[in-house]
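# Commentary on secondary and tertiary structure
Here are the chains, one letter per residue:
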Amino acid sequence: MVLDWLAAGIDPQKSIIFVQSHVPQVTELHTLLSMVTPLSWLLRVPTFKEKVKMQPDNVNYGLVGYPVLQTADIALYKGEVVPVGEDQLPHLELAREIVRRFNSLFGFVFPEPQAKLTNFPLVAGLNGVQKMSKSYDNHIEISASPQEVSKRVMTAVTDPARKYRSDPGHPEICNVFRLHSSFTPARVEEIAVECRGARIGCVDCKKILAESISLNLEPFRERRADLASRPGYVNQVLADGANRAEAIAKETMKEAEGKMKLLQRADLD
Ligand code: SF4
């Protein structure tokens, strides 16, 4: 995953990359923030309701408390802007409510984080139901080979009303067409006309999409292979990132615990 990020262009000098659990302060802040978060706020989060439906026999605290942990992930580093997908907006709204509550009870420590959406705030998965996600197995790996991309794209759901090649299609409701907007922008108009006039079949349309996705991902695959050939590089990035993140986390915790008037161990000396 780290190789994916680095190959996609994230510069570890500018952006601190680390493993969440390597900075233990996040669990401390999670606990403190959970004390100021009413349960009713968490129960209304849409993703919680979705998870309850997905795993009704295992509805645990982790599911309901996840947005509080996510808030701690942001607040620990005093994040002001968070790049998110559209589905994460309710979580971010909740994060703002939680830090607002903390700040009003104990004094200002945490800025209220604002969302930064991309031009494609929601990419639908290949099944056309949920967002594209590894958890839903409806995704295309950004490191996938052209063959893998093609295999995945061929499984994509299209216009459900277009049963036969001779049926006119409705690109506006087709998932493959939405992906064309991202990956084949120069040809979307032409594809829309051909689809509506039943002049192109869904299999051919998917072939075009698979080719343009593979072409878009080619430079990424090359950079990734280069990074993967450097022994120890990723571990070095993560170790350095953990040190830099922890230094910030310690300062924030000192400030938050001070505002909460928690007795510090250092005060005992
Ligand atoms: S031709 Fe393309 S845009 Fe039209 S329904 Fe089939 S996959 Fe979708």
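Scroll up to find the structure.
Here's what I pulled together on the structure shown here. Computed from a predicted structure; not experimentally measured.

Using the criterion set out here, one finds three aromatic pairs in the structure. In textbook terms, an aromatic cluster arises when at least three aromatic residues are bridged by ring pairs, as seen for Phe 102, Phe 106 and Phe 110. One Lys or Arg, Arg 230, reaches over the ring of Tyr 233 and ends 4.9 Å from the middle of that ring.

This paragraph deals with helix α2 (residues 25–34). When we look at burial in α2, the residues that qualify are Gln 25, Val 26, Leu 29, His 30, Leu 32 and Leu 33. Mapping the buried residues of α2 onto a view down its axis gives an arc of 170°, with all of them on the same face. Taken together, the buried residues of α2 touch α5 (61–75), α6 (89–106) and α11 (233–259).

To continue, consider the site of the ligand. Every residue near the ligand is listed here: Thr 158, Asp 159, Arg 162, Cys 174, Val 176, Phe 177, Cys 195, Ile 200, Cys 202 and Cys 205. Mapping the ligand onto the cavity grids shows that it belongs to the largest cavity. Of the residues that constitute the shell around the ligand, the class distribution is seven nonpolar, one polar and two charged.

Within the largest apolar cluster, 27 residues are counted, with the highest numbers of intra-cluster contacts made by Leu 29, Leu 33, Leu 76, Leu 94, Ile 98, Phe 102 and Phe 110. Put simply, the parts of the chain that give this core at least two residues each are α2, α3 (39–43), α5, α6 and α11. Ranked by residue count, the leading element in this core is α5, at five residues. Sequence-distant contacts of Leu 94, defined by excluding residues within four places in its chain, comprise Trp 41, Leu 42, Val 45 and Pro 67. Residues Val 149, Ala 156, Leu 179 and Cys 195 belong to the second largest nonpolar core, which totals 21 residues.

On inspection of all chains with the given rule, the structure shows 13 salt bridges. The shortest N-O distance in the salt bridge between Glu 93 and Arg 96 comes to 2.8 Å. Placement of the pair is Glu 93 and Arg 96 together in helix α6, with a separation of three residues, close to one helical turn. Relative accessible area serves as the criterion here: at 31%, Glu 93 is assigned to the partly exposed category. Glu 190 is paired through a salt bridge with Arg 187; the nearest N and O atoms lie 2.9 Å apart. Assessed through its relative accessible area of 35%, Glu 190 is described here as partly exposed. A residue is classified by how much of its surface remains accessible, and Arg 187, at 32% relative accessible area, is partly exposed.

What counts and what doesn't
- Residues numbered from 1 in each chain as written.
- Predicted model: local features only at pLDDT ≥ 70, side-chain atom pairs only at ≥ 80, totals over all residues.
- Heavy atoms only, no water.
- Phe/Tyr/Trp six-rings, centres within 6.5 Å; stacked < 30°, edge-to-face > 60°.
- Lys NZ or Arg CZ within 6 Å of the ring centre and 35° of its normal.
- Buried < 20%, exposed > 50% of the residue type's maximum accessible area, 1.4 Å probe, protein only.
- Helix = DSSP H or I, 4+ residues; strand = E, 2+ residues; numbered from the N terminus.
- Arc of directions from axis to C-beta.
- Contact = heavy atoms within 4.5 Å.
- Near = heavy atom within 4 Å.
- 1 Å grid on protein atoms, 1.4 Å probe; cavity = no way out; pocket = protein on both sides within 12 Å on 5 of 7 lines; lining within 4 Å.
- Sits in = over half its atoms within 2 Å of the grid points.
- Nonpolar A, V, L, I, M, F, W, Y, C, P; charged D, E, K, R; others polar.
- Core = buried A, V, L, I, M, F, W, Y, C linked by side-chain atoms within 4.5 Å.
- Salt bridge = Lys/Arg side-chain N within 4 Å of Asp/Glu carboxyl O.

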